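Listed below, chain by chain, are the residues.
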Amino acid sequence: MLPEIEKLLVIQDRDRKIRTLKQELKFAPLERKELDEKQAEAVKKLEAVKLKAKETEVERKKLENEAQAKRDSIAKFQTQKFQTRKNEEFQALNNEIKRFEGEIQVIEDRELELMDTAEKTKGQIADTEKETQAVKSQVARQLTDIAAKIEAVEGQLKELEAERATLAEAVDEDLLDTFNSLFATKTEAVVALEHGVCMGCHMTLTTQTMVRVKGNREIVHCEQCGRILYPGE
Ligand SMILES: [Zn+2]
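First, a word on scope: everything that follows refers to the structure included in this document. (Residues numbered from 1 in each chain as written. Predicted model: local features only at pLDDT ≥ 70, side-chain atom pairs only at ≥ 80, totals over all residues. Heavy atoms only, no water.)

A few points about the overall build of the protein
Counting its secondary structure elements, the protein contains four helices and four strands. A compact globule built from 233 residues should have a C-alpha radius of gyration of about 17 Å, whereas the protein, at 41 Å, is more than 25% larger. By its C-alpha atoms, the protein is 130 × 35 × 25 Å across when sized along the principal axes. Looking at the protein residue by residue over its 233 residues, the buried ones come to 29%. Of the contacts made within the protein by residues no fewer than 6 positions apart, 73% connect residues no fewer than 24 positions apart. Of the accessible surface of the protein, which amounts to about 15,300 Å², a share of 53% is contributed by carbon and sulfur atoms. (Helix = DSSP H or I, 4+ residues; strand = E, 2+ residues; numbered from the N terminus. Rg over C-alpha atoms; globule rule 2.2 N^0.38 Å. Buried < 20%, exposed > 50% of the residue type's maximum accessible area, 1.4 Å probe, protein only. Contact = heavy atoms within 4.5 Å. Areas by Shrake-Rupley, 256 points an atom, 1.4 Å probe, with all protein chains shown as cover.)

Here it is in structure tokens:
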């Protein structure tokens, strides 16, 4: 094999690795974003349950005040009842008292319901808090893993890129330019010619091209795709 081709194959191998590592780095922000969203989702769920508890408490307080106001009114009516001498007014006050008592009953029933809800919500909060904490720990662990992976990949990349630069110095500049543009556009720049077929584009090449490749004396390009060829089988 031509020494230039051998050098290019080593460079191509490093370039492939570099490309894979860069791809991994590109995915890291997406992985992070996904984890952030997962955590935000858990926190949101917890906040929703807490809000429900708060709303229940606010409604219960409001009802409590309403009931108290009605009890105060009843007390006032009771006093008025014993002060009046008019039978009609006495009866009217009695009716009002009865009506208020009925309303208080309704309020108190609703208060009991709310207390029941509050008790259930308390349990939900405890469960959701546990869930959220688990998600947070899991996300934190995964973020640490990602950070460690990025650091490792960046280290590997640095090494590979330094090695690649040294390897490239030993290759003719024009040939390297050709290699670079082929690698960038066609994924592979240097491919084998096997049984007359270019392993890049899988086209059968002319006998003349095959002979030139096997001759190992010059750089030969595939007449179909332009990739640099080396003799395979
Ligand atoms: Zn080809």
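Past the structure itself, the notes keep going.
Digging into the packing of aromatic side chains
The tally for this structure, following the rule as stated, stands at two aromatic pairs. Geometrically, the ring pair formed by Phe-77 and Phe-100 is edge-to-face, given 5.6 Å between the ring centres and 70 degrees between the ring planes. Of this pair, Phe-77 sits in helix H1 (residues 3–83) while Phe-100 sits in helix H2 (residues 87–169), and the two are 23 residues apart along the sequence. Take Phe-77: its relative accessible area is 14%, and that puts it in the buried class. (Phe/Tyr/Trp six-rings, centres within 6.5 Å; stacked < 30°, edge-to-face > 60°.)

Details of the coordination of the zinc ion
Bound to the zinc ion on the protein side are Cys-198 (SG), Cys-201 (SG), Cys-222 (SG) and Cys-225 (SG), at distances that span 2.3 Å. Here the zinc ion binds four donor atoms, and the angle range of 104 to 113 degrees at the metal identifies the geometry as tetrahedral. Read in sequence order, the donor residues coordinating the zinc ion give the pattern C-x2-C-x20-C-x2-C. Of the two residues, Cys-201 sits in the loop between strand S2 (197–198) and helix H4 (207–215) while Cys-225 sits in the loop between strand S3 (220–221) and strand S4 (228–231), which places them 24 residues apart along the sequence. (Donors = N, O, S within 2.8 Å, 3.2 Å for Na, K, Ca; no water. Tetrahedral: all angles 85-135°; square planar, octahedral: opposite > 155°, others 65-115°.)

Structural notes on the environment of Thr-117
Relative to the helices and strands, Thr-117 resides in helix H2. When the C-alpha atoms of Thr-117 and Glu-24 are compared, they prove to be 49 Å apart, with 93 residues separating the residues in sequence. Excluding residues within four positions of it along the chain, Thr-117 makes contact with Lys-52 and Thr-56.

Considering empty space enclosed by the protein
In total, this model carries one cavity of 30 Å³ or more according to the counting rule given. Considered as a void within the structure, the largest cavity measures approximately 50 Å³ in volume. In this structure, the largest cavity is lined by Leu-2, Ile-5, Arg-212, Val-213, Asn-216, Glu-218, Ile-219, Val-220, Leu-229 and Pro-231. When contributions to the lining of the largest cavity are tallied by element, the ones reaching two or more residues are H4 and S4. (1 Å grid on protein atoms, 1.4 Å probe; cavity = no way out; pocket = protein on both sides within 12 Å on 5 of 7 lines; lining within 4 Å. Points joined across faces, edges and corners; volume = space filled by probe spheres on them.)

Examining the nonpolar core
Core analysis: the largest hydrophobic core is formed by 16 residues, its most contacted members being Leu-8, Phe-179, Val-190 and Ile-228. Among the elements that make up this core, the one with the highest residue count is helix H3 (residues 173–186) (five residues). The residues touching Ile-228, leaving out its near neighbours within four places in the chain, are Ile-5, Leu-8, Leu-175, Leu-182, Ala-189, Val-190, Val-191, Ile-219, Val-220 and His-221. In this structure, Leu-193, Cys-198, Cys-225 and Leu-229 belong to the second largest nonpolar core, which totals nine residues. (Core = buried A, V, L, I, M, F, W, Y, C linked by side-chain atoms within 4.5 Å.)

Overview of the pairing of S4
Where strand S1 (residues 190–194) meets S4, four bridges bridge the pair, whose relative direction is parallel. Directly across from Val-190, in S4, lies its bridge partner Ile-228. Of the pairings in the sheet, the one linking S3 to S4 comprises two bridges and is antiparallel in character. If you follow Val-220 over to S4, its bridge partner there is Leu-229. Remark: six residues form the turn of the hairpin made by S3 and S4, two consecutive strands paired antiparallel; Gly-226 in that turn has positive phi of roughly 85 degrees. (Pairing = 2+ DSSP bridges.)

A few points about the packing of H1 against H3
It is at 11 Å that the axes of H1 and H3 come closest, and there the two elements cross at 40 degrees. You can see that H1 and H3 cross each other, and the crossing is right-handed. On H3, the residues that touch Glu-4, Leu-8, Ile-11, Gln-12, Asp-15, Arg-16 and Arg-19 of H1 are Leu-175, Leu-176, Phe-179 and Phe-183. Each residue belonging to the contact of H1 with H3 can be placed in one class, and the counts come to six nonpolar, one polar and four charged. (Axes fitted to C-alpha atoms, helices over the stretch in contact; angles between N-to-C directions. Left-handed = near helix turned anticlockwise from the far one by under 90°. Nonpolar A, V, L, I, M, F, W, Y, C, P; charged D, E, K, R; others polar.)

None of this, on its own, says anything about what the molecule does.
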